[in-house]
Amino acid sequence: MTDVSRLHASVEWPWAEIDPQSQFRWNGQKAFTMSTESPEWTMSLFKTDPAPWDLHAGDTCLVGIPETLVRIIDHPEGANGP
């Protein structure tokens, strides 16, 4: 955990590299909201373990996509399969 504020907790993002040629200056971090009510939290695939509101700057955490049950209720005509 690199930084924790009232609104966000930031981690070093392990799955991307900073592009020094880009016009956008990304710092290599991803911020997680501190609000469970935020769509930013509920819609994000990635979560921290422990949750961001239980972390402090300097703490270590896991970042990943939790096991999720998905139900496919329809598929387009012509898709592979019956």
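Everything below is about the structure printed above this text.
Rules behind the numbers
Residues numbered from 1 in each chain as written. Predicted model: local features only at pLDDT ≥ 70, side-chain atom pairs only at ≥ 80, totals over all residues. Heavy atoms only, no water. Helix = DSSP H or I, 4+ residues; strand = E, 2+ residues; numbered from the N terminus. Buried < 20%, exposed > 50% of the residue type's maximum accessible area, 1.4 Å probe, protein only. Contact = heavy atoms within 4.5 Å. Areas by Shrake-Rupley, 256 points an atom, 1.4 Å probe, with all protein chains shown as cover. Lys, Arg positive; Asp, Glu negative; His and termini not counted. Charge placed at Lys NZ, Arg CZ, Asp CG, Glu CD. Core = buried A, V, L, I, M, F, W, Y, C linked by side-chain atoms within 4.5 Å. Pairing = 2+ DSSP bridges. Phe/Tyr/Trp six-rings, centres within 6.5 Å; stacked < 30°, edge-to-face > 60°.

Chemist: Just checking my understanding: could you explain the overall build of the chain for this structure?
Modeler: Secondary structure assignment for the chain yields 1 helix and 5 strands. Seen in sequence order, the chain has helices and strands lined up from the N terminus as β-β-β-α-β-β. Over its C-alpha atoms, taken along the principal directions, the chain stretches across nearly 50 × 35 × 20 Å. Burial analysis of the chain (82 residues in total) assigns 22% to the buried set. The long-range share in the chain, meaning contacts at least 24 apart out of those at least 6 apart in sequence, stands at 31%. A total of about 6,700 Å² of accessible surface is found on the chain, and carbon and sulfur atoms cover 55% of it. Separation of charge centres in the chain, based on 5 positive and 12 negative side chains, amounts to 5 Å.

Chemist: Explain the nonpolar core here, please?
Modeler: As a rule of thumb, soluble globular proteins bury nonpolar side chains together. M1, A9, V11, W13, F32, M34, W41, L55 and C61 form the largest nonpolar core, which has 9 residues in total. Ignoring anything within four residues of it in the chain, the contact list for W41 reads F32, T33, S35, T36, K47, P52 and W53.

Chemist: Sorry if this is basic, but what is going on with the sheet that holds strand 1 (residues 3–4) here?
Modeler: Backbone hydrogen bonds hold the strands of a sheet together, and the pairing may be parallel or antiparallel. Taken in spatial order, the 3 strands of this open sheet run 1-2-3, and their pairing is antiparallel. Looking at strand neighbours, the two that pair on one side only are strand 1 and strand 3 (29–33), the edges of this open sheet.

Chemist: Is there a simple way to think about unusual backbone geometry in this case?
Modeler: Glycine aside, residues mostly have negative phi angles, and peptide bonds mostly take the trans form. Here the bond from D49 into P50 is cis, since omega is 5 degrees, no more than 30 degrees from zero. When you line up the elements, P50 lands in the loop between strand 4 (47–49) and strand 5 (62–64).

Chemist: Please explain the packing of aromatic side chains as it appears in this structure.
Modeler: Where two aromatic rings form a pair, the distance of their centres and the angle of their planes describe that pair. Applying the stated criterion across every chain yields a total of 3 aromatic pairs. Each ring, one from W13 and one from F46, has its centre 5.0 Å from the other, and the planes form 80 degrees; the classification is edge-to-face. Here F46 lies in the loop between helix 1 (39–42) and strand 4 and W13 lies in the loop between strand 2 (8–12) and strand 3, a separation of 33 residues in the sequence. Arranged with centres 5.0 Å apart and planes meeting at 65 degrees, the rings of W41 and W53 form a pair that is edge-to-face. Placement of the pair is W41 in helix 1 and W53 in the loop between strand 4 and strand 5, with a sequence separation of 12 residues. The exposure class of W41 is buried, given its relative accessible area of 13%.

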